[in-house]
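# A look at the structure
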Amino acid sequence: LQSTAGDLLLNVARSFFVDELAAGGNWHLSAASAQVGTADITGDSDVTVSGQLDLNRMAGRNALFQLGTANIAELSLGGDLDLSVAGALSLLKATTAGAAQLHHSGVAGTSLRYGELNIGDSLTVTGNGDWIGDTALAGGPVRFNVGSADLGRLQSTAGDLLLNVARELAVNDLHSDS
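The structure contained in this document is the topic of the report that follows. (Residues numbered from 1 in each chain as written. Predicted model: local features only at pLDDT ≥ 70, side-chain atom pairs only at ≥ 80, totals over all residues. Heavy atoms only, no water.)

All right, on to the pairing of strand 9 (residues 89-96) then. The side chains of a regular strand alternate between both faces of the sheet. Note: strand 7 (residues 63-77) against strand 9, seven bridges, orientation parallel. Following the sheet pairing, asparagine 71 is matched in strand 9 by serine 90. Note: strand 9 against strand 11 (residues 111-119), seven bridges, orientation parallel. Among the inter-strand pairings, leucine 89 is bridged to a residue of strand 11, identified as leucine 112. (Pairing = 2+ DSSP bridges. Helix = DSSP H or I, 4+ residues; strand = E, 2+ residues; numbered from the N terminus.)

Below is the structure:
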């Protein structure tokens, strides 16, 4: 599925499936569930999926995700990431030139996992779920306001670290280089 010069606007009542998607402009998706192999977006992305999103790889500028649950293998953004989930999250790798916000709006005990985050500016992680993270490197301030967190490496190269955790916090390697 390709739109070489313009925006790609997709409103799907139920399920959306695509192996490859490209947009020369912005991408808008609204669906109950979605499976996307590869998405190459020149502009901004606005993705709303009330149920499950399975996304293998996406490249673009800025991205706004409003999701029920998500399995995302890789995001590469030239701008900012704003990702909200109500249920479980698995985000294997995300790279942004700008800021990143990861938000969970669901109940305590929900599994929220990230593998590798490389964030050019600030990183904000919120929500009452159980966050598990391997590596997060941010070029600006790092803010966690979460239910619980079990983290590998958490580092800010040019900002403060603020960790506010309601239940349990475990961190293997914590750095603030500012």
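Alright, that's what it looks like, and here's the rest.
Once that is clear, we can look at the side chain of serine 45. The residue serine 45 is located in strand 6 (residues 45-60) in this model. Residue class for serine 45 comes out buried when judged on its relative accessible area of 4%. Sequence-distant contacts of serine 45, that is, excluding residues within four places in its chain, are made with Trp27, Met58, Asn62, Ala63 and Leu64. (Buried < 20%, exposed > 50% of the residue type's maximum accessible area, 1.4 Å probe, protein only. Contact = heavy atoms within 4.5 Å.)

This brings us to the pairing of strand 12 (residues 123-138). Summarising the sheet, strand 10 (residues 100-104) and strand 12 pair through four bridges and their orientation is parallel. Its bridge partner being in strand 12, histidine 103 is matched across the sheet by threonine 126. Note: strand 11 against strand 12, eight bridges, orientation parallel. Note that in strand 12 the partner of leucine 112 across the bridge is tryptophan 131. The sheet contact formed by strand 12 and strand 13 (residues 142-156) spans 13 bridges and is parallel. Residue pairing across strands places valine 125 opposite phenylalanine 144, the latter belonging to strand 13.

This part is about the pattern of salt bridges. As a working rule, side chains carrying opposite charge can pair if their charged atoms are close by. The tally for this structure, following the rule as stated, stands at five salt bridges. Among the ionic pairs, aspartate 40 bridges to arginine 57, the shortest N-O distance being 3.1 Å. Here the residue aspartate 40 occupies a position in strand 5 (residues 33-41), and arginine 57 occupies one in strand 6, the gap between them amounting to 17 residues. Aspartate 40 sits in the partly exposed class, given a relative accessible area of 34%. Between arginine 153 and aspartate 173 there is a salt bridge, with the nearest N and O atoms lying 2.5 Å from each other. Here arginine 153 is found in strand 13, whereas its partner aspartate 173 is found in strand 15 (residues 169-176), with 20 residues between them in sequence. (Salt bridge = Lys/Arg side-chain N within 4 Å of Asp/Glu carboxyl O.)

A few words on the side chain of threonine 110. With respect to the secondary-structure elements, threonine 110 resides in the loop between strand 10 and strand 11. Of the residues examined, threonine 110 reaches a relative accessible area of 13% and is grouped as buried. In this structure the side chain of threonine 110 is engaged in a polar contact, spanning 2.8 Å, whose partner is the backbone oxygen of valine 107. Beyond its immediate chain neighbours, meaning those up to four positions away, threonine 110 contacts Gly87, Ala88, His104, Gly129 and Asp130. (Polar contact = N/O pair within 3.5 Å; in protein donor to acceptor, adjacent residues only side chain to side chain.)

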